[in-house]
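Here is how the chains run, residue by residue.
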Amino acid sequence: MTFKKEQYPRMTLVMLCLFSILLISFSSLIRNNNSYTKDELLGKINPASDPNFSEIPSKCCIRSGMYLRIEVLDAFLELYKNAEDENIKLVVISATRPFHHQKSIWDKKWERSQYMGWQDFEKARDILKYSSMPGTSRHHWGTDLDLNALENSYFETKEGNNVYDFLERCGGELGFAQVYTSKSNGRTGYEEEKWHWSYMPVSSVMLEEYNELITTKDIDGFNGSAIVDSIQIIANFVNGITK
Ligand SMILES: [Zn+2]
């Protein structure tokens with residue numbers, strides 16, 4: 001098969017079209033290639049043996065044996081050092097919590113005697129003020145951590161206010177944000193948590209992939225899991241953050 005000289009511009013156009021189609025297919029292939037597995041998004045992991053995680057130095061923590069994703073820990077250690085330079089002590093109270101850990105927290109609360117006679121929906125709503133259902137916690141991801149105290153009242157004290165002021169001023173530069181802010185902006189889900197900070201460069205990707213891969217059918221295996229749909233756990237709680 002031979003081509004005449006006057007056919008060359010048409011040939012170039014055809015080649016260009018073919019190249020564009022290839023490029024579009026390739027980029028959509030990359031987009032659909034998720035970085036995280038369903039197990040990682042649901043917390044079905046063991047950070048102690050997972051090469052993507054690293055143990056937080058004990059000087060930063062309330063106890064040993066706490067883990068973060070390596071890139072999150074790197075950023076946190078920089079934040080920790082910046083705080084130290086201002087004579088502020090950051091203390092990690094909680095970091096990565098796998099599914100089974102969250103399940104033990106949830107199931108223990110579910111069995112509380114104060115809930116005797118409550119409907120499952122009301123019981124779940126009450127626990128969900130501050131605790132996540134297993135399979136829906138950002139603590140599963142290795143990107144989020146609780147700092148210094150688990151009560152907002154601590155952050156009203158002089159010491160707590162200094163910590164909070166520092167985190168608000170300097171957290172953002174290193175990628176950290178308070179995702180459970182006041183709900184006055186219309187945010188749904190958990191109550192305000194001044195202690196819960198998230199490393200957004202990774203957690204925002206994980207949230208995106210969670211929304212693509214996880215459905216309420218995947219959220220199971222604990223007390224009260226039958227109400228995940230009626231409570232709209234993914235829409236109201238997993239996505240109930242200030243972006
Ligand atoms: Zn938290």
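Keep in mind it's a predicted model, so treat the numbers as computed, not measured.

**Student:** Before we go on, may I ask you to explain the coordination of the zinc ion in this structure?
**Tutor:** Ideal donor angles around a metal are set by the shape: a four-donor tetrahedron calls for 109.5 degrees, a six-donor octahedron for 90 or 180 degrees. Within the protein, the atoms that donate to the zinc ion are His139 (NE2), Asp146 (OD) and His196 (ND1), at distances of 2.0 to 2.1 Å. Summarised as a motif, the one-chain spacing of the donors to the zinc ion is H-x6-D-x49-H. With histidine 139 in the loop between α5 (120-127) and β4 (144-147) and histidine 196 in strand β6 (residues 196-199), this residue pair connects regions lying 57 residues apart in the sequence.

**Student:** Is there a simple way to think about the environment of arginine 112 in this case?
**Tutor:** Inspection of the secondary structure assignment puts arginine 112 in the loop between α4 (99-110) and α5. Once the C-alpha coordinates of arginine 112 and lysine 123 are considered, the two residues, 11 residues apart in sequence, prove to be 9.9 Å apart.

**Student:** Looking at this structure, how should I read the packing of helix α3 (residues 70-85) against helix α6 (residues 158-170)?
**Tutor:** Packed helix pairs are specified by the crossing angle of their axes together with the interaxial distance, meaning the distance between the axes. The geometry of α3 relative to α6 is characterised by a closest axis approach of 11 Å and an angle of 125 degrees between their N-to-C directions. As far as their axial angle goes, α6 and α3 are oblique. As for how α3 packs across α6, the hand of that crossing is right-handed. Contacts between α3 and α6 pair Leu79, Asn82 and Ala83 from the former with Phe166, Leu167 and Cys170 from the latter. Across the contact of α3 with α6, the residue classes tally to 5 nonpolar, 1 polar and no charged.

**Student:** What is the right way to read unusual backbone geometry from this model?
**Tutor:** Most peptide bonds take the trans configuration, and most residues that are not glycine carry a negative phi. Of note in the backbone geometry, asparagine 148 takes a positive phi value of approximately 70 degrees without being a glycine. Relative to the elements of secondary structure, asparagine 148 occurs in the loop between β4 and α6. Using a relative accessible area of 14% as the deciding quantity, one classes asparagine 148 as buried. For glutamine 232, which is not a glycine, the phi torsion comes out positive at approximately 50 degrees. Along the polypeptide, glutamine 232 turns up in the loop between α7 (200-213) and α8 (233-238).

**Student:** Help me understand the packing of aromatic side chains in this model?
**Tutor:** The geometry of an aromatic ring pair is captured by two quantities: the separation of the ring centres and the angle between the planes. On inspection of all chains with the given rule, the structure shows 12 aromatic pairs. Note on tryptophan 141 and tyrosine 210: the rings are 6.1 Å apart at their centroids and 50 degrees apart in plane angle, and the pair reads as tilted. Highlighted residues: tryptophan 141 in the loop between α5 and β4 and tyrosine 210 in helix α7, separated in sequence by 69 residues. Tyrosine 210 matches tryptophan 141 in its accessibility class, with the two residues each being buried. Site record: aromatic cluster; members linked through ring pairs are Tyr154, Phe155, Tyr164 and Trp197. Cation over ring: lysine 44 sits above phenylalanine 99, and NZ or CZ is 4.7 Å from the ring centre. Sitting above the plane of the tyrosine 164 ring, lysine 194 keeps its charged end 4.8 Å from the centroid.

**Student:** So what exactly am I meant to see when it comes to the pattern of salt bridges here?
**Tutor:** Think of it this way: side chains of opposite charge can pair up when their charged atoms draw near. Scanning the model with the defined rule gives 11 salt bridges in all. Between aspartate 85 and lysine 81 there is a salt bridge whose closest N-O contact spans 3.3 Å. Placement of the pair is aspartate 85 and lysine 81 together in helix α3, with a separation of 4 residues, close to one helical turn. For lysine 81, a relative accessible area of 46% gives the class partly exposed. Among the ionic pairs, arginine 169 bridges to aspartate 165, the shortest N-O distance being 3.1 Å. On the criterion of helical spacing, the pair formed by arginine 169 and aspartate 165 is a turn pair, its members being 4 residues apart in helix α6. On the basis of relative accessibility, which here comes to 44%, the residue arginine 169 falls in the partly exposed class. A relative accessible area of 37% places aspartate 165 in the partly exposed class. A single salt-bridge network, built from bridges that share partners, covers Glu86, Asp165 and Arg169.

Rules used in this analysis
- Residues numbered from 1 in each chain as written.
- Predicted model: local features only at pLDDT ≥ 70, side-chain atom pairs only at ≥ 80, totals over all residues.
- Heavy atoms only, no water.
- Donors = N, O, S within 2.8 Å, 3.2 Å for Na, K, Ca; no water.
- Helix = DSSP H or I, 4+ residues; strand = E, 2+ residues; numbered from the N terminus.
- Axes fitted to C-alpha atoms, helices over the stretch in contact; angles between N-to-C directions.
- Parallel < 35°, antiparallel > 145°, perpendicular 65-115°, else oblique.
- Left-handed = near helix turned anticlockwise from the far one by under 90°.
- Contact = heavy atoms within 4.5 Å.
- Nonpolar A, V, L, I, M, F, W, Y, C, P; charged D, E, K, R; others polar.
- Buried < 20%, exposed > 50% of the residue type's maximum accessible area, 1.4 Å probe, protein only.
- Phe/Tyr/Trp six-rings, centres within 6.5 Å; stacked < 30°, edge-to-face > 60°.
- Lys NZ or Arg CZ within 6 Å of the ring centre and 35° of its normal.
- Salt bridge = Lys/Arg side-chain N within 4 Å of Asp/Glu carboxyl O.

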